[in-house]
Amino acid sequence: MPELPEVEVVRRGLAEHVVGRRVSEVAVLHPRAIRRHLPGAHDLVARLTGRTVTAARRRGKYLWLETDSSDAVLAHLGMSGQLLVSDRGSAAQKHLRARLVFADAGPELRFVDQRTFGGLSVEQMRGDPDRLPAPIAHIARDPMDPRFDLDVAVSAIRRRRTELKRALLDQTLVSGIGNIYADEALWRARLHGARPTATLSRAAVRGVLSAASEVMTEALAQGGTSFDALYVNVNGNSGYFDRSLNVYGQADRPCARCGSSIRREPFMNRSSYSCPTCQPRPRG
DNA sequence: ACATCCACCTGCTCGC
DNA sequence: TGCGAGCAGGTGGATG
């Protein structure tokens, strides 16, 4: 479940269903799911068992559960990860990778991940005011962070010698934006993703970042974007922002603004979608 | 230091 | 019906 709105939907589900509960049992069912936890599965289980979850937090596409110790459970969903609140003892999902059972009789928290690009680890919290888990100190603030500074993000992007879409996807410049919302933001801002950042005005970069913030806020209000059952909230339900996408996945369909056929172009072993009229390719 | 790119996985769809 | 190719919402580490 990848980009910011989808991860925020999950965070809210964790805040509602998991915060305040004490972990009584942890099971790791696939070693790859905890590969970022270098001390290994036994250590992860030992550090988590008996802890009470005190908060569910997020930065960009990372989320974590704070506990009543200085440890937090850091999670990244990768391309296909899910955190599901499932009835205790109910049938295992096909790609169930880890399970947290709680001391009360309520539902379990399950990490399910088809492609295993995601994972869990237990991390020390940093002491600074942001209280980030140590491994994500390099992740920039996302546009929904109350302390997000648009001017700081604009400067960071313009300082980079690269193309605009690459910069939007760089989580150390601004976080939370992935392939869908980058394309949607570029369409709203009428910019092609191949525009060199160095030649863009501050106003232009500000425009595309504002568009990203808006489109992600709108997507969140719709429960996120979901094309299939892989992208669901903690209760297994899909969001429906896919109905509101203007370019992503819309190849050969008419642009909502000008009617031109939306084009699909290869980009980093994936795809970019844009309007050939509203978003002309830079020359060269 | 900084920019680029591919390996890491499973499963689905499409064309032959 | 089978089989290979191509594709999928992300990222860190290797490489230049």
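Undergrad: How do you make sense of the domain arrangement of chain A when you look at a structure like this?
TA: Put simply, an interface is often sized by how much accessible area is lost when its parts join up. The domain architecture assigned to chain A consists of domain 1 (4-135) and domain 2 (150-274). Inter-centroid distance (C-alpha atoms) of domain 1 to domain 2 is 28 Å. Tallying the contact residues gives 20 residues for domain 1 and 21 residues for domain 2. Both sides of the domain 1 and domain 2 interface together cover about 1600 Å² of buried area, and 63% of this is carbon and sulfur. Contact with domain 2 buries surface across domain 1, with Pro-5, Glu-6 and Val-9 losing the most and accounting together for 29% of the total. At the surface where domain 1 touches domain 2, the tally comes to zero salt bridges. The tally of links from domain 1 across to domain 2 stands at nine residue pairs in polar contact (both at pLDDT 80 or more). Those elements that place two or more of their residues in the side of domain 1 that touches domain 2 are helix 1 (4-17) and strand 5 (81-86). For the side of domain 1 that touches domain 2, the element with the highest residue contribution is helix 1, accounting for 10 residues.

Undergrad: Is there a simple way to think about the environment of Arg-190 in this case?
TA: Relative to the helices and strands, Arg-190 is located in the loop between helix 5 (179-189) and helix 6 (202-221). Residue Arg-190 is classed as partly exposed on the basis of its relative accessible area, which comes to 48%. The contact partners of Arg-190, leaving out residues within four places of it in the chain, are Arg-257, Cys-278 and Gln-279.

Undergrad: Whenever I open this one, the protein's contact with DNA strand B confuses me. Can you help?
TA: Taken together, 13 residues are adjacent to DNA strand B, and His-95, Arg-115, Arg-160, Thr-162 and Arg-166 come closest. Of what DNA strand B places within 4 Å of the protein, 70% of the atoms are sugar or phosphate. Note that a phosphate oxygen of DNA strand B is positioned 3.2 Å from one of the side-chain N or O atoms of His-95. Arg-166 places a side-chain nitrogen or oxygen 2.9 Å from a phosphate oxygen of DNA strand B.

Undergrad: Would you mind going over the pattern of salt bridges with me for this structure?
TA: Within the structure shown, the criterion is met by 25 salt bridges. Measuring nitrogen to oxygen at the nearest pair gives 3.0 Å for the salt bridge that ties Asp-71 to Arg-47. With Asp-71 in strand 4 (residues 71-76) and Arg-47 in helix 2 (residues 41-48), this residue pair connects regions lying 24 residues apart in the sequence. Each of Glu-8, Arg-11, Arg-12, Arg-58 and Asp-142 takes part in a single network of salt bridges with overlapping partners.

Undergrad: Would you explain the sheet that holds strand 3 (residues 62-67) in this entry?
TA: Across a sheet, strands are paired by hydrogen bonds formed along the backbone, either parallel or antiparallel in direction. Across the sheet, which stays open at both edges, the four strands sit in the order 2-3-4-8 with antiparallel pairing between neighbours. This sheet does not close on itself; its edge strands, each paired only once, are strand 2 (53-59) and strand 8 (119-124). The average angle at which neighbouring strand axes cross in this sheet is 25°, direction not considered. Where strand 4 and strand 8 come together, six bridges link them in antiparallel fashion. Across the sheet, residue Ala-75 finds its bridge partner in strand 8, namely Leu-120. Those strands touched by helix 1 are strand 2 and strand 3, and its axis lies near 175° from that of strand 2. Across the sheet, helix 2 lies against strand 4 and strand 8, angled at about 60° from strand 8, the strand it touches most.

Thresholds applied
- Residues numbered from 1 in each chain as written.
- Chains lettered and ligands numbered in written order.
- Predicted model: local features only at pLDDT ≥ 70, side-chain atom pairs only at ≥ 80, totals over all residues.
- Heavy atoms only, no water.
- Domains from an automatic or database assignment.
- Contact = heavy atoms within 4.5 Å.
- Buried area = accessible area lost by both parts, 1.4 Å probe.
- Salt bridge = Lys/Arg side-chain N within 4 Å of Asp/Glu carboxyl O.
- Polar contact = N/O pair within 3.5 Å; in protein donor to acceptor, adjacent residues only side chain to side chain.
- Helix = DSSP H or I, 4+ residues; strand = E, 2+ residues; numbered from the N terminus.
- Buried < 20%, exposed > 50% of the residue type's maximum accessible area, 1.4 Å probe, protein only.
- Near = heavy atom within 4 Å.
- Pairing = 2+ DSSP bridges.
- Axes fitted to C-alpha atoms, helices over the stretch in contact; angles between N-to-C directions.

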